[in-house]
Amino acid sequence: MKVLFVLTSHDKLGDTGKPTGFWLEEFAAPYYVLKDAGVEITLASPKGGQPPLDPKSDEEDAQTDATMRFYEDSEAQAALANTRRLSEVSAQAYDAVFYPGGHGPLWDLYRDATSVHLIEEFVKADKPVAAVCHAPAVLANVRSDLGAPFINGRRVTGFSNSEEEAVGLTAVVPYLLEDVLKEKGGQYSKGDDWAPYVVVDGKLITGQNPASSEPAAQELLKLLR
């Protein structure tokens, strides 16, 4: 089994002057769920190389067993520091794709034509597509064979408006993910703020927040098996 992880290359939190990027738990937790099951993982990002880490996900109160394991894992750190350019990977080479979140994807992967095309290729091949927290933004511009939004009529979740409000970034982000998923026709639902909540619709898996990243990976593993 081979799974492609796609991480953001965007490192600026709007016009605040503050840094952003991917959220460590949302990478580390799925990475180890799949790695421990024998899955071969390839990491990619739009620019390649080291993707930017949201420094808030590196703070003490954001640490989990998976993130602490990552800090002790030189092999995983080396892989993360050397992600492949997204333009160099093909859906044909992998059995599924997983998008970790963090605020970064709201800016780059949301509109990235290479990413959009890649997801469309996974969908056409009937392969699983998974995205957690802010990363379901990557689905917004994906189209079905008929040209309609891919998520139109599909059950989805993602970082909620109430969670965005709780972190004080409602006026900073370029759009509210919950609103965009609904505008594209997605049948959006959510659980309690910060609690694990995963939605599976066929081969599409979405998770609401950082706590949803591990169970989302477990659902992906079920589909792969």
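K.L.:
What should I look at first to understand the environment of Asp36 in this one?
P.N.:
Looking at where Asp36 falls in the secondary structure, it is placed in the loop between α1 (24-35) and β2 (40-45). Taking the C-alpha atoms as reference points, Asp36 and Gly202, separated by 166 residues in sequence, lie 24 Å from one another.

K.L.:
Any chance you could explain the packing of aromatic side chains here in plain terms?
P.N.:
Given two aromatic rings, their pairing is described by the distance between the two centres and the angle made by the two planes. Going through the model one piece at a time under the given rule, you end up with 10 aromatic pairs. Geometrically, the ring pair formed by Phe22 and Phe27 is edge-to-face, given 6.1 Å between the ring centres and 80° between the ring planes. When the centroid spacing of 5.2 Å and the interplanar angle of 40° are considered together, the rings of Phe27 and Tyr31 count as tilted. Of this pair, Phe27 and Tyr31 both sit in helix α1, separated by four residues, roughly a single helical turn.

K.L.:
What is the right way to look at helix α7 (residues 213-224) in this model?
P.N.:
Since there are 3.6 residues in each turn of an α-helix, residues three or four apart along the chain are aligned in direction. When the terminal C-alpha atoms of α7 are compared, their 17 Å separation across 12 residues agrees well with the 16 Å that a helix rising 1.5 Å per residue should span. Along α7, the positions that sit buried rather than exposed are Ser213, Ala216, Ala217, Leu220, Leu221 and Leu224. Along the long axis of α7, the arc covered by the buried residues comes to 145°, so they all point the same way. Where α7 is buried, its residues contact β1 (2-6), α1, β4 (96-99), β5 (129-132), β8 (198-201) and β9 (204-207).

Criteria and thresholds
- Residues numbered from 1 in each chain as written.
- Predicted model: local features only at pLDDT ≥ 70, side-chain atom pairs only at ≥ 80, totals over all residues.
- Heavy atoms only, no water.
- Helix = DSSP H or I, 4+ residues; strand = E, 2+ residues; numbered from the N terminus.
- Phe/Tyr/Trp six-rings, centres within 6.5 Å; stacked < 30°, edge-to-face > 60°.
- Expected span 1.5 Å × (residues − 1).
- Buried < 20%, exposed > 50% of the residue type's maximum accessible area, 1.4 Å probe, protein only.
- Arc of directions from axis to C-beta.
- Contact = heavy atoms within 4.5 Å.

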